[in-house]
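Residue-level structural notes
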Amino acid sequence: MTDQSANAPTPKPGILDIAPYVGGKGALDGIAEPMKLSSNENPLGAGPKAREAFASVLDKIHIYPDGRADKLRAAVAAKHGLEEDRLIFGNGSDEVFALLNQTYLTAGDNIVTGQYGFLAYRISALGCEAQVKLAPEPGYKAEVDALLEQVDERTKIVYVSNPSNPTGSWNTAEEIRRLHAALPPHILLVVDEAYAEYVVEAEYESAFELARTANNIIVTRTFSKIHGLGGLRIGFGYCPADVMGAMDRIRLPFNVSVPGLAAAVAAVNDEEHQQASRNLVLEWRPRLTQVIKGFGYEVLPSVGNFILVLFKDPAEANAASDWLNQKGIIVRGVGGYGLPQGLRLTIGTPDQNRAVADALSEFASR
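Since the model is a prediction, treat every value here as computed from it, not as a measurement. By convention here, each chain's residues receive numbers from 1 onward along its written sequence. A pLDDT threshold of at least 70 governs which residues receive local features in this predicted model, and a stricter bar of 80 or more applies before side-chain atom pairs are shown or counted, although totals over entire chains, interfaces and linings include all residues. Hydrogens and waters are ignored; side-chain quantities use all the structure's heavy atoms.

**Observations regarding the sheet that holds strand 4 (residues 131-135)**
Threshold: A pair of strands counts as paired when DSSP detects no fewer than two bridges linking them. Here a helix means four or more residues in a row that DSSP labels H or I, a strand means two or more in a row labelled E, and each is numbered from the N terminus. Only the stretch in contact is used when fitting a helix axis, every axis being a line fitted to C-alpha atoms; angles between N-to-C directions are given from 0 to 180 degrees.
Strand order across the open sheet formed by 7 strands is 2-8-7-6-5-3-4, with mixed pairing between neighbours. At either margin of the open sheet sits one strand with a lone partner, and together these are strand 2 (87-90) and strand 4. Across the sheet, the axes of successive neighbouring strands diverge by a mean angle of 20°, strand direction being ignored. Where strand 2 and strand 8 (residues 235-238) come together, 4 bridges link them in antiparallel fashion. Bridge pairing in strand 8 places Gly90 opposite Gly235.

**Examining the sheet that holds strand 13 (residues 339-346)**
Read from one edge of the open sheet, 4 strands run 9-10-13-12, paired in antiparallel fashion. Both edges of this open sheet fall to strand 9 (298-299) and strand 12 (332-334), since each of them pairs with a single strand only.

**With respect to the pattern of salt bridges**
Condition: Salt bridge, as used here, is a side-chain nitrogen of Lys or Arg placed within 4 Å of a carboxyl oxygen of Asp or Glu. To sort residues, take the accessible area from a 1.4 Å probe on protein chains only and compare it with the maximum for the residue type: under 20% means buried, over 50% means exposed, and anything in between is partly exposed.
Evaluated as defined, the whole model comprises 19 salt bridges. Residues Lys141 and Glu175 are paired through a salt bridge, measuring 3.0 Å at the closest nitrogen-oxygen approach. Linking Lys141 in the loop between strand 4 and helix 5 (144-150) with Glu175 in helix 6 (residues 173-182), this pair joins segments that are 34 residues apart in sequence. Accessibility expressed as a relative area gives 15% for Glu175, which makes it buried. Among the charged side chains, a salt-bridge network with shared partners connects Glu83, Arg86, Glu209 and Arg212.

**A closer look at unusual backbone geometry**
Here the amide bond leading from Asn162 into Pro163 is cis, since omega sits at 5°, within 30 degrees of zero. Among the structural elements, Pro163 can be located in the loop between strand 5 (155-161) and helix 6. Here Asn165 and Pro166 are connected by a cis peptide whose omega angle stands at 20°. Note on placement: Pro166 falls in the loop between strand 5 and helix 6.

**Comments concerning the packing of aromatic side chains**
Put simply, the test is: Ring pairs are drawn from Phe, Tyr and Trp, using the six-membered ring of Trp, whenever the two centres fall within 6.5 Å, and their geometry is named by plane angle: stacked under 30 degrees, edge-to-face over 60, tilted for the rest. Any Lys NZ or Arg CZ found within 6 Å of a ring centre and within 35 degrees of that ring's normal is scored as a charge over the ring.
Evaluated as defined, the whole model comprises 15 aromatic pairs. With a centroid separation of 5.8 Å and 80° between ring planes, the pair formed by Phe208 and Tyr238 is classed as edge-to-face. Note that Phe208 is positioned in helix 7 (residues 208-212) and Tyr238 in strand 8, a separation of 30 residues in sequence. Overall, the relative accessible area of 0% leaves Tyr238 in the buried class. Grouped by ring-pair contacts, the aromatic residues Phe97, Phe118, Tyr121 and Tyr159 constitute a single cluster. We note Arg287 situated over the ring of Trp284; from NZ or CZ to the ring centre the distance is 3.9 Å. Between the NZ or CZ atom of Arg344 and the centre of the ring of Phe306, over which it lies, the distance is 6.0 Å.

Right, dumping it as structure tokens:
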């Protein structure tokens, strides 16, 4: 038998050292329909307008999508008061990060992000043979000075999750402005606002306005969270025009699908669904936080549609996850973020949230 590995093609340096991204588990053996609270999906699903728009294009899925996403481009620009020619759309905001890294990183460059920043930034940067420099987050929050201390002559991009996943922390408008003002103009600042629509705190504001007059800020958003379109994979970036133009040269020509475009156009202005989704989180996030704290566990403050529960050690976190699984509830371990003692729980429907509370109460009182 021929040894096929003997002369197999070799990936470029570093590729096989990258830990693949592992999404939230979605199935449990022996349970037909588990409560999936592991991926920060909208428990209300997509809104009725998005579902109707999706269904309306089923007879057009044999046709290539509009490569420029013109209808969605116009809808997003009008919704947020942005210039159409500064928007780029991707297969989720993950693709926007990958395009940025591919466009601006070469071997030996680096990106800077927080210790608990979203893993997608790191994975695609490593794939470009760049380094990843992590700023400490002793308070589970990105700190401006800590980020700036990591910046050096090879830094090309600084990534900030605002709000941050998996910690749920956030940065004020003043902090983002101070970070940007301290960065050299040749370094790109990327503000990932995947959970922005859930935030109601007065000191929080989108970086869209700051980016409007800057030559080195990119703001990203996704349709996967409050809009409930995670399965359609749509995100966008608001970029300086020359940055958008450079990224667009390597963007795959038909990277967002026909149904995805249609559903996203409808979702942009479905204020009723967005408000219902936000209200669910605003009602249940503090309730669930208070209840779980009452069991003796630490729950980090969150402005997203999830909470992060910290147990005394990784063994207890694993035991809690197994216990919840036995009750048909799937949550997310975050050991990949350096938090093996943590479990992230998406805020679900009222029934799901009550089930989580009951299960953790039983676990705590064993």
